[in-house]
Amino acid sequence: MKTMKAVCIYSYGDPSVLVYEDAPRPHPGDGEVLVRVHAAGINPVDWKIREGHMKEMLHHTLPLVLGWDVSGVVETLGTGVHRFKVGDEVFSRPDILRDGAYAEFIVIKESEVALKPKSIDHLHAAVLPLASLTSWQTLFAAAGLSAGQRVLIHAAAGGVGHIAVQLAKWKGAHVIATAAERNHDFLRKLGVDQAIDYDTERFDEVVQPVDVVLDTMGGEIQARSWKVVKRGGMLVSVVNPPSPEMAAARGARQAFVFTQPNAAQLAEIAELVDAGKLKVIVETTLALSDATRGQELSERGHQRGKIVLRVI
């Protein structure tokens, strides 16, 4: 049996449950491709699953390979695959219910894979799918953000936030962002119109009503965000469902988005990258064997951009 290096969990818990080991190399089935992983992104969902917070919603079988942000090269085609050939460079946010990308190989459904942007390397392509699909599905699919509208993006210098800022500007929106003061120049270069220091300012006291709030924080931040949503506007969260009662009281809408794989959206995102309309920031690059450290950094927060594991 062929093996590969992978990072698995055999039980839920703190970072110590991550195991770097030899694991069986997967084989593609009908409608699937085997991808040789060049790089894998680290996201909060990885350590939330590791800690067991999502086990009631996501019914995984252990041991489980973590990581659902990937860029690599098609190694083998399963039966019935027609969109790709061996050697294609691809990227994906694969099905989160299956083994992930903290490994040398991953099997992905053909329907979840897109050709990676030509203008960036695998390290940058690997951290793009989840953040860009999250931004696309919240701002456009759920909230219907359009040119001339006002959007407030929380934690805008982070992995999702810095992509959401650029997509909102590409759409023609007026972008307001919360972030630590040290990140304000960075955000202005991405196109932010108004930057708010969340350490010294209360956004709900300085922001004029907006059409859309993108909540990446939950808790008190989400609750206070209702104060700045205009009547008819929307609060959309990627953390936990906003209150329908609060939405009704404000004459607004609410949505919770759990990001889904979408190859068609990824293909559009790749075109934006290659056209120079969207860039992804990698702050930390680690070896696959350092996945534990990567998750610890992600848990601490306050990252500018993304954390990536180099596999090749």
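See above for the structure.
If you're wondering where the values come from, they're calculated on a predicted model, not measured in any experiment.

Thoughts on the overall build of the protein chain
Next up, step 1: Within the protein chain, the regular secondary structure consists of ten helices and 16 strands.
Next up, step 2: In terms of overall size, the protein chain behaves like a compact globule, its C-alpha atoms giving a radius of gyration of 19 Å where 312 residues would be expected to give roughly 20 Å.
Next up, step 3: Sorting the 312 residues of the protein chain into buried and exposed places 56% on the buried side.
Next up, step 4: Look at the contacts in the protein chain between residues 6 or more apart in sequence, and 64% of them connect residues 24 or more apart.
Next up, step 5: Summed over all atoms, the accessible surface of the protein chain reaches about 13000 Å², with 50% contributed by carbon and sulfur.

With respect to the pattern of salt bridges
Next up, step 1: One pass over the structure, following the stated rule, counts 19 salt bridges.
Next up, step 2: The partner of Glu-299 in a salt bridge is Arg-50, and the shortest N-O contact between them spans 2.9 Å. You can see Glu-299 sitting in helix 10 (residues 291–300) and its partner Arg-50 sitting in helix 1 (residues 44–51), a full 249 residues away along the chain.
Next up, step 3: Judged by relative accessible area, Arg-50 falls into the buried class, the value being 0%.
Next up, step 4: Each of Arg-202, Asp-204, Glu-205, Glu-220, Arg-224 and Lys-227 takes part in one network of salt bridges that share partners.

Here we look at the sheet that holds strand 1 (residues 3–9)
Next up, step 1: As summarised here, the arrangement of the three strands in space is 2-1-4, forming an open sheet in which the pairing is antiparallel. Single-partner strands in this sheet number two, and they are strand 2 (18–24) and strand 4 (64–65).
Next up, step 2: For strand 1 and strand 2, the ladder comprises seven bridges, and the chain directions are antiparallel. Within the sheet, the bridge partner assigned to Thr-3 lies in strand 2 and is Pro-24.

Examining the packing of helix 1 against helix 10
Next up, step 1: Viewed as axis vectors pointing N to C, helix 1 and helix 10 meet at an angle of 105°, and their least axial separation amounts to 9 Å. Classified by the interaxial angle, the pair formed by helix 1 and helix 10 is roughly perpendicular. Across the interface between the two elements, Pro-44, Asp-46, Trp-47, Arg-50 and Glu-51 from helix 1 touch Gln-295, Ser-298 and Glu-299 from helix 10.
Next up, step 2: Of the residues belonging to the contact of helix 1 with helix 10, the class tally is two nonpolar, two polar and four charged.

The rules behind the values
Residues numbered from 1 in each chain as written. Predicted model: local features only at pLDDT ≥ 70, side-chain atom pairs only at ≥ 80, totals over all residues. Heavy atoms only, no water. Helix = DSSP H or I, 4+ residues; strand = E, 2+ residues; numbered from the N terminus. Rg over C-alpha atoms; globule rule 2.2 N^0.38 Å. Buried < 20%, exposed > 50% of the residue type's maximum accessible area, 1.4 Å probe, protein only. Contact = heavy atoms within 4.5 Å. Areas by Shrake-Rupley, 256 points an atom, 1.4 Å probe, with all protein chains shown as cover. Salt bridge = Lys/Arg side-chain N within 4 Å of Asp/Glu carboxyl O. Pairing = 2+ DSSP bridges. Axes fitted to C-alpha atoms, helices over the stretch in contact; angles between N-to-C directions. Parallel < 35°, antiparallel > 145°, perpendicular 65-115°, else oblique. Nonpolar A, V, L, I, M, F, W, Y, C, P; charged D, E, K, R; others polar.

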